[in-house]
Amino acid sequence: MKEILNVVVCQCGVVWENPDENRLRLRSFIESYHQRCRMDTRPDLIVLPEFFCTGFTSNTSLAEEPEGLSLRWMRALAGSTGAAVAGSVPVMDGGNVYNRMYFTCPDGGTVFYDKRHLFRMSGENDVFTPGDRRCIVEYLGWRICLNVCYDLRFPVWSRRTSEYDYDVLLNVASWPSSRMTAASILVHARAVENQAWAVFCNRVGESPDDNYCGGSLIVDFKGRSIGEFCSDDTTGKDGGFLHAALDIRDLHRFRDKFPAWMDADEFLLK
């Protein structure tokens, strides 16, 4: 097991409905950042926002095949950086369109999670099909629960149900500036109630309907915001990279000392 997990959140702008340009720009941003990192801080996990290649759109003509260009691009990026890469992409699979979060490993291994809670206020639920399963990735000995944007508002879906259910809740988002106060509260709450790290990756910039101010967070199991933000205007106004080193030993010591999970209410998720 790797005791220290270096997580890097890419808080970037997204060119509206232009996957080719977004993939090209992102590769440039990330490779430049990677080259600047000291060896001991180079990422084990790189996190991209929700719909990093298109912006938060309901345009189904942009939905990719399950083995589409963006997934192949993520695998190539993971291979070249030696870090897992996570982010979400619109995907057409079996006649349905999903907001699909991929987690790609440097060896090419891939796990996906389909967003469960669709944002009806924008009509996402009219176009996309909701996922029906939670997804916990095992990577370098860590257990990482995948989560997309609006999922953050539903604590039962993200509830850690046993001592070792997961270590990190990873949420990728296109969360507008107008609701960022709520986002911050929710990220901190999910971390505290689940005694886990909560990693929240949000975009910057504008879309036809919204604007985004970033506000990405890495929150520890005690509810403390951690990490170091490196501004990088090439990624967009207020853009840059948020880095934190997560130590699994700290988490285990805290859970042993304060085992609140043992008093949690049981429930059946339907």
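Okay, so let's go over this structure. For clarity, every value in this text was computed on a predicted model and none was experimentally measured.

A word on the overall build of the protein
Along the backbone of the protein there are six helices and 14 strands. Rg of the C-alpha trace for the protein: 17 Å, near the compact-globule value of 18 Å for 270 residues, within the 12% margin. Partitioning the intrachain contacts of the protein with sequence separation of at least 6 by distance along the chain shows that 69% fall at a separation of at least 24. Here the protein has roughly 11700 Å² of accessible surface; of this, 50% comes from carbon and sulfur atoms. With 30 positive and 37 negative side-chain charges, the protein shows a separation of 3 Å between the mean positions of the two kinds.

Side note on the sheet that holds strand 5 (residues 110-114)
Paired through their backbone hydrogen bonds, the strands of a sheet run either parallel or antiparallel. Read across the sheet, seven strands follow the order 5-4-3-2-1-14-13 without closing on themselves; strand pairing throughout is mixed. Edge positions in the sheet fall to strand 5 and strand 13 (228-231), since each of these pairs with one other strand and no more. Neighbour to neighbour, the strand axes of the sheet diverge by 30° on average, direction disregarded. Across eight bridges, the pairing between strand 1 (residues 4-11) and strand 14 (residues 240-247) is antiparallel. Among the inter-strand pairings, Val8 is bridged to a residue of strand 14, identified as His243.

As for the sheet that holds strand 7 (residues 142-148)
In spatial order, the strands read 6-7-8-9-12; together these five strands make up an open sheet with mixed pairing. In the strand order of this sheet, the two ends are held by strand 6 (136-139) and strand 12 (217-219), each with one partner. The mean angle between the axes of side-by-side strands here comes to 20°, regardless of whether they run parallel or antiparallel. Pairing of strand 6 with strand 7 involves four bridges; the strand directions are antiparallel. Residue pairing for strand 7: Ile136 is matched across the bridge by Cys145.

What counts as what
Residues numbered from 1 in each chain as written. Predicted model: local features only at pLDDT ≥ 70, side-chain atom pairs only at ≥ 80, totals over all residues. Heavy atoms only, no water. Helix = DSSP H or I, 4+ residues; strand = E, 2+ residues; numbered from the N terminus. Rg over C-alpha atoms; globule rule 2.2 N^0.38 Å. Contact = heavy atoms within 4.5 Å. Areas by Shrake-Rupley, 256 points an atom, 1.4 Å probe, with all protein chains shown as cover. Lys, Arg positive; Asp, Glu negative; His and termini not counted. Charge placed at Lys NZ, Arg CZ, Asp CG, Glu CD. Pairing = 2+ DSSP bridges. Axes fitted to C-alpha atoms, helices over the stretch in contact; angles between N-to-C directions.

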